[in-house]
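Next come the chains, spelled out residue by residue.
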Amino acid sequence: MNTTDEKLAIDTLASGAAMERFDDALAVVLANIIDPDTGKGAREINLKVKFKPNDERTMTEIRIECKTKLQPATELTTHAYLGVDIKGLPEAHEIKPLLQSNLPFATTSNVVPIKKEAMND
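Being a predicted model, the structure only gives us computed values, none of them experimental. (Residues numbered from 1 in each chain as written. Predicted model: local features only at pLDDT ≥ 70, side-chain atom pairs only at ≥ 80, totals over all residues. Heavy atoms only, no water.)

Visitor: Can you tell me about a nonpolar patch on the surface, naming the residues and giving the values?
Guide: A contiguous nonpolar surface patch, about 490 Å² in accessible area, is contributed by Leu8, Ile10, Met19, Leu47, Val49 and Phe51. Counting residues per element, the nonpolar patch draws most heavily on strand E1 (residues 44-53), at 3 residues. Here Leu47 lies in strand E1. Taking the relative accessible area as the measure of exposure, Leu47 reaches 31% and is therefore partly exposed. (Patch = residues over 30% accessible without salt bridge, like charges linked within 9 Å, V, L, I, M, F, W, Y side chains within 5 Å. Areas by Shrake-Rupley, 256 points an atom, 1.4 Å probe, with all protein chains shown as cover. Salt bridge = Lys/Arg side-chain N within 4 Å of Asp/Glu carboxyl O. Helix = DSSP H or I, 4+ residues; strand = E, 2+ residues; numbered from the N terminus. Buried < 20%, exposed > 50% of the residue type's maximum accessible area, 1.4 Å probe, protein only.)

Visitor: Explain unusual backbone geometry residue by residue, including any values.
Guide: Even without being glycine, Ala14 reaches a positive phi, approximately 55 degrees. Checked against the element boundaries, Ala14 lands in the segment before helix H1 (17-34). Phi at Arg57 is positive, roughly 60 degrees, even though this residue is not glycine. Relative to the assigned elements, Arg57 resides in the loop between E1 and strand E2 (60-69).

Visitor: Before we move on, could you go through the pairing of strand E4 (residues 90-94) and cite the residues and values that matter?
Guide: Relative to E4, strand E3 (residues 80-84) runs antiparallel, the two being bridged by 5 bridges. Bridging across to E4, Leu82 finds its partner in Ala92. Counting the residues that bridge the hairpin from E3 to E4 gives 5 residues, and of these Gly88 lies at a positive phi of roughly 85 degrees. (Pairing = 2+ DSSP bridges.)

Take it as geometry only, folks, not as evidence of what the structure does.
Okay, structure coming up:
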């Protein structure tokens, strides 16, 4: 049987693996917090340590579980125009204002120049 003189503590549990699992979970929680696409609610880290002694109570099995509770991604909203195609079948086209091209008559200014020939008629 392998034993050490090291007293059982949270930082020595499973040769430090319990603390590593917590540190990994902490990194995930912090990433979820700074992600602007997630909700603003609370996050959790649950480190569960379960002890199951043998019949003689001279040893115990220790099970370590580390879970996170994160905020889900926020709901996305978009819009679409609805209509029917030339065959009469329904169709939809998503409105993407930043991706739509300019109209052929659009100018960079809201002032449209008047042609001089049109004024002389």
